[in-house]
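Inside the fold
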Amino acid sequence: MKLIKFYTKTCGPCKVMKPVVDELVKNHPELEYEEIDCSEGVPDEWAQSVRNVPTIIIVKEDAFNEKAVGIKSYEYLESLL
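Residues numbered from 1 in each chain as written. Predicted model: local features only at pLDDT ≥ 70, side-chain atom pairs only at ≥ 80, totals over all residues. Heavy atoms only, no water.

Formed by 13 residues in total, the largest nonpolar core has its most connected members in L3, V21, L24, I56 and L77. Looking at this core, the elements that each hand over two or more residues are α1 (12–27), β3 (55–60) and α2 (74–80). Counting 8 residues, the second largest nonpolar core, distinct from the first, contains F6, I36, C38 and V59. (Core = buried A, V, L, I, M, F, W, Y, C linked by side-chain atoms within 4.5 Å. Buried < 20%, exposed > 50% of the residue type's maximum accessible area, 1.4 Å probe, protein only. Helix = DSSP H or I, 4+ residues; strand = E, 2+ residues; numbered from the N terminus.)

Here the focus is the environment of V20. The residue V20 is located in helix α1 in this model. Residues V20 and F64, spaced 44 residues apart in sequence, show a C-alpha to C-alpha distance of 21 Å. The contacts of V20, once residues within four sequence positions are left out, are K72, S73, Y74 and L77. (Contact = heavy atoms within 4.5 Å.)

Right, let's get into the sheet that holds β3. Strand order in the open sheet made by the 4 strands is β2-β1-β3-β4, with mixed pairing throughout. Whereas interior strands pair on both sides, the edge strands pair on one side only; in this sheet they are β2 (32–37) and β4 (63–69). Averaged over all adjacent pairs, the angle separating strand axes in this sheet is 20 degrees, with direction ignored. Bridging between β3 and β4 involves 6 bridges; their strand directions are antiparallel. Each bridged residue has a counterpart across the sheet, and for K60 the counterpart in β4 is A63. Sheet contacts for α1: β1 (2–7), β2 and β3; angle to β1, the most-contacted strand, approximately 165 degrees. (Pairing = 2+ DSSP bridges. Axes fitted to C-alpha atoms, helices over the stretch in contact; angles between N-to-C directions.)

Take the packing of aromatic side chains next. Following the criterion strictly, the structure yields 1 aromatic pair and no others. Here F6 and W46 contribute two aromatic rings whose centre-to-centre distance is 5.6 Å and whose plane-to-plane angle is 65 degrees, an arrangement assigned as edge-to-face. In this pair, F6 is assigned in strand β1 and W46 in the loop between β2 and β3, connecting sequence segments 40 residues apart. Each member of the pair, F6 as well as W46, carries the same accessibility label: buried. Geometry around Y7 places K5 over its ring, the cationic atom sitting 5.2 Å from the centre. Above the face of the Y76 ring, K72 is positioned so that its terminal group lies 5.6 Å from the ring centre. (Phe/Tyr/Trp six-rings, centres within 6.5 Å; stacked < 30°, edge-to-face > 60°. Lys NZ or Arg CZ within 6 Å of the ring centre and 35° of its normal.)

What follows is the structure, given as structure tokens:
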């Protein structure tokens with residue numbers, strides 16, 4: 001299972017989500033984790049799925065499975081796993 005966080009360095013909500021995501025990743029060592037800085041735009045392979053930041057995408061079994069946009073609680077993100 002993989003968690004991908006899309007963010008920008010200047011995004012206020014992204015800064016709020018950073019400790020939440022960091023804690024989630026720390027408490028779930030089975031998660032593969034990737035951060036993608038979208039300051040220069042969203043990578044082409046994710047352009048259809050990511051319109052706003054912060055966006056969290058959960059990939060299970062090599063397929064896009066869950067998506068959370070904006071500020072979300074630890075409990076909500078954990079429920080997506």
